[in-house]
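In case you want the letters, here they are:
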Amino acid sequence: MLTRRTALGLCAAASIPALIPARAFAEVAPPRSEIRTSLAKRFADVGTEGTFVGYKTDDYLIVASDAKRSGDAFSPASTFKIPNSLIALETGVVSDPDKDVFKWDGVRHSNEAWNRDHTLRSAIAVSALPVYQEIARRIGPERMQKYVDLFDYGNRNIGGGIDHFWVGGDLKIDCIQQIDFLDRLRRRALPISKRSQDLVADILPVTKASEATIRAKTGLLLGKQGQPSLGWLVGWAEKGDQQTVFALNLDVRDPSHVAGRATLAQQLLGDIGAV
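Residues numbered from 1 in each chain as written. Predicted model: local features only at pLDDT ≥ 70, side-chain atom pairs only at ≥ 80, totals over all residues. Heavy atoms only, no water.

### Details of the packing of helix H3 (residues 81-91) against helix H6 (residues 175-186)
Note the cut-off: Here an angle of 0 to 180 degrees is reported between the N-to-C directions of two axes, which are lines fitted to C-alpha atoms, with helices fitted over the stretch in contact. Helix and strand assignments come from DSSP, with helices taken as H or I runs of at least 4 residues and strands as E runs of at least 2, each series counted from the N terminus. Working rule for angles: under 35 degrees goes down as roughly parallel, over 145 as roughly antiparallel, 65 to 115 as roughly perpendicular, anything else as oblique. Less than a right angle of anticlockwise turn of the near helix away from the far helix marks a crossing as left-handed, whereas a clockwise turn marks it as right-handed. By the convention used here, residues are in contact when the closest approach between their heavy atoms is within 4.5 Å. Residue polarity is assigned by list, with Asp, Glu, Lys and Arg as charged and Ala, Val, Leu, Ile, Met, Phe, Trp, Tyr, Cys and Pro as nonpolar; anything else, Gly included, falls into the polar class.
Running from amino to carboxyl end, H3 crosses H6 at an angle of 45°, the nearest separation of the two axes being 11 Å. Considering their axes alone, H3 and H6 lie oblique with respect to each other. In the packing of H3 onto H6, the handedness of the crossing is left-handed. Judged by residue contacts, Ile82, Pro83 and Leu86 of H3 engage Phe181, Leu182 and Leu185 from H6. In terms of residue class, the contact of H3 with H6 is made up of six nonpolar, no polar and no charged.

### Digging into the nonpolar core
Where we set the bar: Nonpolar cores are built from buried Ala, Val, Leu, Ile, Met, Phe, Trp, Tyr and Cys residues. Side-chain atoms within 4.5 Å join them into one set. Throughout, exposure labels follow a simple rule: accessible area from a 1.4 Å probe, protein chains only, divided by the maximum for the residue type, with under 20% read as buried, over 50% as exposed, and the rest as partly exposed.
Core analysis: the largest hydrophobic core is formed by 53 residues, its most contacted members being Ile135, Met144 and Phe151. The dominant element in this core, judged by the number of residues it contributes, is helix H5 (residues 129-151), at nine residues. With residues near it in sequence (within four places) discarded, methionine 144 still touches Phe80, Asn84, Ile87, Ala136, Ile139, Ile158, Ile162 and Phe165. With 19 residues, the next largest nonpolar core counts Leu39, Phe43, Ala237 and Ala265 among its residues.

### Topic: the sheet that holds strand S4 (residues 206-209)
Note the following rule: Whether two strands pair comes down to DSSP finding at least two bridges between them.
Spatially, seven strands are ordered S1-S3-S2-S7-S6-S5-S4 in an open sheet, and the strand pairing comes out mixed. In this open sheet, the two strands that pair with only one neighbour each are strand S1 (32-35) and S4. Strand-to-strand twist in this sheet, taken as the mean axis angle between neighbours without regard to direction, amounts to 20°. The pairing of strand S6 (residues 229-239) with strand S7 (residues 242-252) spans 11 bridges and is classified as antiparallel. The partner of tryptophan 236 across the bridge, within S7, is valine 245.

### A few points about the pairing of S7
Side-chain positions along a regular strand alternate between the two faces of the sheet. Of all the 11 residues making up S7, nine are buried; the element is thus mostly covered by neighbouring parts of the structure. Of the pairings in the sheet, the one linking strand S2 (residues 50-56) to S7 comprises seven bridges and is antiparallel in character. If you follow glycine 50 over to S7, its bridge partner there is leucine 250. The turn joining S6 and S7, which pair antiparallel and follow one another in sequence, is formed by two residues; a positive phi near 65° is taken by glycine 240.

So, in structure tokens, the structure goes:
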């Protein structure tokens, strides 16, 4: 049987060569794929560049805004809090996402929401980097590598420091790989316990968009001198029985681009009939 990434590569070979994936786990029917360049205009309209890929699971249809950037790999930044949470629960570093408390270490951060005690649920809600750095240190390099390999997550390279390899370190992931990982989480098909997957799906931040529910995680990687920062938004939208997994990233050339990611994602999801 064709695995999903293999199927993606086969159906993309003619029209989306940049999206050909390398490895696969999840087995589903071969999807169709298409480029809709009209989606790229959404990024231009707000004065930046970016990419969007949506996987309409019921239609087995992958829609991308372009053929290049959608296959380019970047640091996952805070979108890695999704696998980090799964690994924390699976290893027992966190037993209960609502009861286990990570005490604030007293170091003040510009983000006031980080300057307090957190549970896993509250930490992912405010994207508390210090909490997830502590989680990663407790997991340790050996177990972290084991689960990143099990998840077939991005390039699987955790070099660059156990507490920051996902923010400017060696770990890189593209939109197709994000969707592959998230779709397996959505279907509870990752090679870990269903309990861990249920709990992480439950703590993901939720947004309502018309008749749809969007479960998604942001990510922000600060740019080096002279370079724009990178913004991510990844997750899935649920509209009745219809589900669409998506990944978006864009160059942050203005502060409005950070705050506007959710609106932009909802517009793009609307363009493909997902919300």
